[in-house]
Amino acid sequence: MSVAEITQNTKKTLFSFEILPPLKGKGLESIYNTINPLMEFNPQFITITSHREVYDANNNRVRRRPGTVAVAAVVAQKYSIPVVPHILCGGFSRKETEYVLIDLNFLGITDIFALRGDSIKHGEPYKAEPDGNTYARDLLLQINDMNKGKYLDDENFGASLATNFSCGVAGYPEKHYAAADLDTDIAHLKAKVDAGAQYIITQMFFENAHYFNFVEKCRAQGITVPIVPGIKPIGFKNQVDVLPRLFHLELPQDLQNALRNCETDEAAKQVGTEWAIMQSKELVAHNVPLLHLYTYSSAQQCVDILKASF
Ligand code: FAD
């Protein structure tokens, strides 16, 4: 079953999660350590992030976490679970994207999470590669072409080489930082759905009202696909400042206060777990299709959240 079908057919709330490829030079152990304890909760699929080049302290361009395709292949085989590699526009030409998609097709991986990605320097405006896709919607159109057997360089192989990809896309309950307002952002999201995206996974949020409001506005604008909430358990004290800065979101005042009162990361982790449990319980009570947990290597927190929420 494709991930699109899974998200569309849930009768009660199920569970999925996101992992990051290991830092360059590290092995897969950290991935297994994250996945193993979560398998008993019957995850429906695992998404795998993708990381473009960034500038290091010496102004060199480095890719710190390559390996999305390889990790997806290993995880799919080892755990027999649908995997969803994230594919970015940013940093990649359309040709390079086509090669990645061809690799995925060889590997039998047909679920893709289509994203624009961000600027190579945090805070700078995003710029597409001269021969790359500009928006996630453009990537979806490239994938649609391949699903019809239409490759770049005017190569049209027709049905014999048509791929069978199905895609999810990102949504932002507190709006994407570059969008003028939430309605405009949702109009762009609708364009992604009209271009074939079959489900949406949201950016993390810490106030469920943002998610409920977002879903309502999406439905009002004619978006009918499943909208899966993304939940991030806070694991460090400094995330009270880091998360709003990096992800352009607000932490509720109560959560901020509780985190600022913590003396250690261990205490902050406890606050983060309890907050995520509170959010998750309410989302499950509202029968959302799945809870999608951002693990960031904190599997134990996710275990605690799942035990308490279902
Ligand atoms: P898009 O949908 O292309 O939108 C980007 C911006 O452009 C929005 O402001 C939108 O409103 C606007 N826009 C869209 N179309 C148009 C148009 N035609 N004209 C004008 N404006 C338009 N980043 C990574 O680098 N790696 C990851 O693995 C990763 N995983 C993510 C997973 C999830 C669930 C989420 C929510 C985000 C993830 N991101 C990841 C972050 C994402 O790449 C950034 O938020 C990025 O800035 C936007 O990507 P997008 O696909 O939402 O962009």
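Scroll up a little and you will see the structure.
All of the points below concern the structure found in this document.

Cut-offs and rules
Counting restarts for each chain, with residues numbered from 1 along the sequence as it is written. A pLDDT threshold of at least 70 governs which residues receive local features in this predicted model, and a stricter bar of 80 or more applies before side-chain atom pairs are shown or counted, although totals over entire chains, interfaces and linings include all residues. Note that water and hydrogens are dropped before the side-chain values are worked out from all heavy atoms of the structure. Relative accessibility decides the category of a residue: with a 1.4 Å probe and only protein chains considered, values under 20% of the type maximum give buried, values over 50% give exposed, and everything between is partly exposed. Secondary structure follows DSSP: runs of H or I at least 4 residues long count as helices, runs of E at least 2 residues long count as strands, and numbering of each begins at the N terminus. Here the rule is simple: two strands pair whenever DSSP picks up at least two bridges between them. The definition of a right-handed crossover adopted here requires that, viewed with the strands pointing away, the path from the first strand over the helix to the second runs clockwise. Any carboxyl oxygen of Asp or Glu that lies within 4 Å of a side-chain nitrogen of Lys or Arg is treated as forming a salt bridge with it. Residues are counted as near a molecule or strand when any one of their heavy atoms sits within 4 Å of it. In protein, a polar contact means a hydrogen-donor-capable atom and an acceptor-capable atom, both N or O and within 3.5 Å, with residues adjacent in sequence counting only if both atoms are side-chain atoms; elsewhere, any N or O pair within 3.5 Å suffices. In short, Shrake-Rupley with a 1.4 Å probe defines the accessible areas, and a residue's cover is counted only from the protein chains shown. Each axis is a line fitted through C-alpha atoms, taken for helices only over the stretch in contact, and angles between the N-to-C directions span 0 to 180 degrees. Working rule for angles: under 35 degrees goes down as roughly parallel, over 145 as roughly antiparallel, 65 to 115 as roughly perpendicular, anything else as oblique. In this scheme the crossing of two helices becomes right-handed for a clockwise turn of the near helix relative to the far one and left-handed for an anticlockwise turn of less than a right angle. A contact between two residues is defined here by any heavy atoms of the two lying within 4.5 Å. Under the scheme applied, nonpolar residues are Ala, Val, Leu, Ile, Met, Phe, Trp, Tyr, Cys and Pro; charged residues are Asp, Glu, Lys and Arg; polar residues are all the others, including Gly. Among buried residues, the Ala, Val, Leu, Ile, Met, Phe, Trp, Tyr and Cys ones that are joined through side-chain atoms within 4.5 Å form a nonpolar core. The directions considered for the arc run from the helix axis to the C-beta atoms. Only rings of Phe, Tyr and Trp enter the pairing, Trp through its six-membered ring, and a pair is recorded when the two centres are within 6.5 Å. The plane angle decides the type: under 30 degrees is stacked, over 60 is edge-to-face, the rest tilted. Placement of a charge over a ring requires the Lys NZ or Arg CZ to be within 6 Å of the ring centre, with the centre-to-atom vector within 35 degrees of the ring normal.

What follows covers the pairing of strand 1 (residues 14-19). Working note: regular strand, side chains alternate between the two faces of the sheet. Of all six residues that make up strand 1, five are buried, and the element is covered over most of its length. Looking at chain direction, strand 1 and strand 11 (residues 290-294) are connected through five bridges and run parallel. Looking at the pairing, S16 lines up with H292 of strand 11. A crossover links strand 1 with its parallel partner strand 2 (residues 46-48), the connecting element being helix 2 (residues 29-35), and its sense is right-handed.

The next thing to look at is the pattern of salt bridges. Two side chains with opposite charge may pair up if their charged atoms get near one another. For the coordinates displayed, the defined rule picks out seven salt bridges. The shortest N-O distance in the salt bridge between E129 and R52 comes to 3.7 Å. In this pair, E129 sits in the loop between strand 6 (111-115) and helix 5 (136-147) while R52 sits in the loop between strand 2 and strand 3 (54-55), placing the two residues 77 residues apart along the sequence. In this structure, D183 and K217 form a salt bridge, with 3.4 Å as the shortest nitrogen-oxygen distance.

Our focus in this paragraph is the site of the ligand. Neighbouring residues of the ligand: 24 residues in total, closest S50, D118, Y172, H176 and D185. A distance of 3.5 Å is found between an oxygen atom of the ligand and a backbone nitrogen or oxygen belonging to A179. Contact distances for the ligand include 2.8 Å between an oxygen atom and a side-chain N or O atom of H188. Contact with the protein chains hides 82% of the accessible area of the ligand, taken as 990 Å² for the molecule alone.

The next subject is the packing of helix 9 (residues 253-260) against helix 10 (residues 265-285). At a minimum axis separation of 9 Å, helix 9 and helix 10 run at an interaxial angle of 155°. By the angle between their axes, helix 9 is roughly antiparallel relative to helix 10. Every pair of crossing elements has a handedness; the one defined by helix 9 and helix 10 is right-handed. Within the contact between the two elements, helix 9 uses D254, L255, A258 and L259 and helix 10 uses A268, V271 and W275. A breakdown of the residues in the contact of helix 9 with helix 10 according to their chemical character gives six nonpolar, no polar and one charged.

Where helix 11 (residues 299-309) is concerned, the buried positions are A299, Q301, C302, V303, I305, L306 and S309. Buried residues in helix 11 make contact with strand 1, helix 2, helix 10 and strand 11.

For the rest of this paragraph, the subject is the nonpolar core. Core analysis: the biggest nonpolar cluster contains 58 residues, and I19 and V75 have the highest contact counts within it. Core analysis: the next-biggest nonpolar cluster, separate from the first, contains 27 residues, V84, L88, F206 and Y294 among them.

Two residues of an α-helix separated by three or four positions point the same way, owing to the 3.6 residues in each turn. What helix 9 keeps buried is the set L255, Q256 and L259. Down the axis of helix 9, the smallest arc covering the buried residues is 100°, so these residues share one side. Exposed residues pointing more than 90 degrees away from the buried face of helix 9 are listed as Q253 and D254. Against the buried residues of helix 9 lie helix 8 (239-247) and helix 10.

So, on to the sheet that holds strand 11. Spatial strand order, 9-8-7-6-5-2-1-11-10: nine strands in an open sheet with parallel pairing. The sheet terminates laterally at strand 9 (227-228) and strand 10 (230-231), the two strands that pair on one side only. Relative to the sheet, helix 4 (residues 94-107) contacts strand 5 (83-88) and strand 6, its axis offset from that of strand 5 by approximately 170°.

The next point concerns the packing of aromatic side chains. Tallied over the full model, the rule gives five aromatic pairs. Ring geometry for F15 and F17: centres 5.6 Å apart, planes at 15°, overall stacked. The burial state of F15 is the same as that of F17; both residues are buried. Each member of the aromatic cluster is reached from another via a ring pair, and the members are F205, Y211 and F212. If you follow K78 out to its NZ or CZ, it ends over the ring of Y32, 4.5 Å from the centre. The ring of Y55 has K121 sitting right over it, with the charged end atom 4.6 Å from the ring centre.

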